[in-house]
Amino acid sequence: MSGTSMTTRAWLLMLPLLVVMIAVIGWPLVDTVGLSFTDAKLVGTGGNFVGIDNYAKMLANSNFQRTLITTAWFAIVSVAAEMVLGVLAALLLNQDFKGRGVLRALMILPWALPTVVNATLWRLIYNPEYGALNAALTQLGLIDAYHSWLGEPGTALTALIVADCWKNFPLVALIALAALQAVPRDITAASLVDGAGPFKRFRFVILPYLVGPLMVALVLRTIEAFKVFDIIWVMTRGGPANSTRTLSILVYQEAFSFQRAGSGASLALIVTLLVTVLAAAYAALVRKTAGSAT
């Protein structure tokens, strides 16, 4: 069979998938782009054409700028903490000790929980009247009065980052643990014979095997953290005083709460563009890392 015939058959086999993708993704995206150039409301007429006014106003809006900073801070801190905790947990679970299998199974539970359930649990933990965190800190003598962790702008975002890390660091740990299984034991044994300490052994023997998988985890978690919505919406709804409002929540409020469909569509496309640029940058970094490793 010729190459041309094989290519034609491949495209024919992919045709149903392409049709579904165009219907589910392509057309809504085109419709959103067109909507972003109008002043349409969520309920009512289609709106008038306003050009790039929605984009210009949104980019110059101080609310958008503050929300972008909040989103970036949430993504950077939470992903950094998840990477560190995930690698440490993987190194621990890679050791041979009694009960390792049970501990591995328990570690998956936070990640397996639905995000809404996880957010509700942490809301109860942070509750200012009967929360477990206030009770524990009070009994340990670290605080002398109960705090409203989610009700104070100075602590709300940090509390959300902790909840997000608790849910998602097991994913990083599982990826790192799978990579650790691929480290040849003879190389590790040779490094022990050569007198390499734990840090040198990790830096020069183990880390090269972790770089590629950890880059994949970094890409996945950064993109997810940058467009986070559900855990924050359930726990704080972007408050107090918009201190935990992220870009996804701003899109929801603009389009549905304020019913400004046109400006909401433009904001959604701005967020999509930012995530796409971020994903492309990470993809290039992953390719560069894989190239240098080979």
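Values in this document were obtained by computation on a predicted structure and should not be read as measured data.

Engineer: Account for the environment of Leu 17, with residues named and values stated.
Structural biologist: One can find Leu 17 in helix α1 (residues 3-36). Between the C-alpha atom of Leu 17 and that of Ala 261, which follows or precedes it by 244 residues, the distance is 30 Å.

Engineer: Explain the side chain of Arg 221 residue by residue, including any values.
Structural biologist: Assignment of secondary structure puts Arg 221 in helix α9 (residues 198-226). Beyond its immediate sequence surroundings of up to four residues, Arg 221 is in contact with Val 79, Glu 82, Asp 164, Asn 168, Leu 171 and Val 172.

Engineer: How would you explain the environment of Leu 250 if you had to name every residue and give the values?
Structural biologist: Positionally, Leu 250 belongs in helix α11 (residues 247-257). The sequence separation of Leu 250 and Phe 49 amounts to 201 residues, and the corresponding C-alpha distance is 23 Å. Residues contacting Leu 250, with those up to four places away along its chain left out, are Asn 63, Phe 64, Thr 67, Arg 245 and Leu 267.

Engineer: Which residues make up the nonpolar core, and what values go with them?
Structural biologist: Most often, soluble globular proteins keep nonpolar side chains buried together rather than apart. The biggest cluster of nonpolar side chains holds 59 residues, and the ones touching the most others in it are Phe 74 and Met 235. Of all the secondary-structure elements, those providing two or more residues to this core are α2 (53-60), α3 (62-93), α5 (115-125), α7 (153-180), α9, α10 (230-235), α11 and α12 (261-293). By residue number, the principal contributor to this core is α7, which donates 13 residues. In this view, Met 235 contacts Ala 119, Trp 122, Arg 123, Tyr 126, Leu 150, Leu 160 and Ala 163; residues no more than four positions away in its chain are not counted.

Engineer: Report on the UniProt feature "transmembrane region" (unreviewed entry) in the protein chain, specifying residues and quantitative values.
Structural biologist: Per the UniProt record, "transmembrane region" (unreviewed entry) is annotated on residues 12-30, 72-93, 105-125, 156-183, 204-223 and 265-285. What you have in residues 204-223 is 100% helix and 0% strand, and the ends, taken at the C-alpha atoms, are 29 Å apart.

Engineer: Before we move on, can you summarise the pattern of salt bridges with the specific residues and values?
Structural biologist: In the structure shown here, the tally under the stated rule is four salt bridges. The partner of Lys 227 in a salt bridge is Glu 224, and the shortest N-O contact between them spans 3.3 Å. By relative accessible area, Lys 227 is classed as partly exposed at 36%. By relative accessible area, Glu 224 is classed as partly exposed at 42%. Between Glu 254 and Arg 260 there is a salt bridge; the shortest N-O distance is 2.7 Å. We classify Glu 254 as buried; its relative accessible area is 8%. Overall, the relative accessible area of 34% leaves Arg 260 in the partly exposed class. Three or more residues are tied together by salt bridges with common partners; here these are Glu 82, Asp 164 and Arg 221.

Engineer: Can you explain the packing of α5 against α7? Please cite residues and give values.
Structural biologist: At a minimum axis separation of 10 Å, α5 and α7 run at an interaxial angle of 135 degrees. One finds that α5 runs oblique with respect to α7. Crossing hand, α5 versus α7: right-handed. The residues of α7 that touch α5, namely those facing Thr 115, Asn 118 and Trp 122, are Val 162, Ala 163, Trp 166 and Lys 167.

Engineer: Quick rundown of the side chain of Asn 118? Include the residues and the values.
Structural biologist: With respect to the helices and strands, Asn 118 occurs in helix α5. In this structure Asn 118 comes out as buried when scored by relative accessible area, which is 0%. Beyond its immediate stretch of four places on either side in the chain, Asn 118 contacts Ala 163, Trp 166, Lys 167 and Ile 231.

Engineer: So, the packing of aromatic side chains: which residues are in play, and what are the values?
Structural biologist: Counted according to the given criterion, the structure contains eight aromatic pairs. Here Phe 229 and Trp 233 contribute two aromatic rings whose centre-to-centre distance is 5.6 Å and whose plane-to-plane angle is 15 degrees, an arrangement assigned as stacked.

Engineer: Lay out unusual backbone geometry with the relevant residues and their values.
Structural biologist: Keep in mind that most residues, glycine aside, have a negative phi and that most peptide bonds are trans. Omega for the peptide link from Gly 239 to Pro 240 comes to -5 degrees, which places this bond in the cis form. Tracing the chain through its elements places Pro 240 in the loop between α10 and α11. Residue Arg 237 is not a glycine yet carries a positive backbone phi of 55 degrees. Phi at Gln 259 is positive, roughly 60 degrees, even though this residue is not glycine. Mapping Gln 259 onto the fold places it in the loop between α11 and α12. Overall, the relative accessible area of 36% leaves Gln 259 in the partly exposed class.

Criteria and thresholds
- Residues numbered from 1 in each chain as written.
- Predicted model: local features only at pLDDT ≥ 70, side-chain atom pairs only at ≥ 80, totals over all residues.
- Heavy atoms only, no water.
- Helix = DSSP H or I, 4+ residues; strand = E, 2+ residues; numbered from the N terminus.
- Contact = heavy atoms within 4.5 Å.
- Core = buried A, V, L, I, M, F, W, Y, C linked by side-chain atoms within 4.5 Å.
- Buried < 20%, exposed > 50% of the residue type's maximum accessible area, 1.4 Å probe, protein only.
- UniProt positions renumbered as here; feature names shortened; annotations may be inferred.
- Salt bridge = Lys/Arg side-chain N within 4 Å of Asp/Glu carboxyl O.
- Axes fitted to C-alpha atoms, helices over the stretch in contact; angles between N-to-C directions.
- Parallel < 35°, antiparallel > 145°, perpendicular 65-115°, else oblique.
- Left-handed = near helix turned anticlockwise from the far one by under 90°.
- Phe/Tyr/Trp six-rings, centres within 6.5 Å; stacked < 30°, edge-to-face > 60°.

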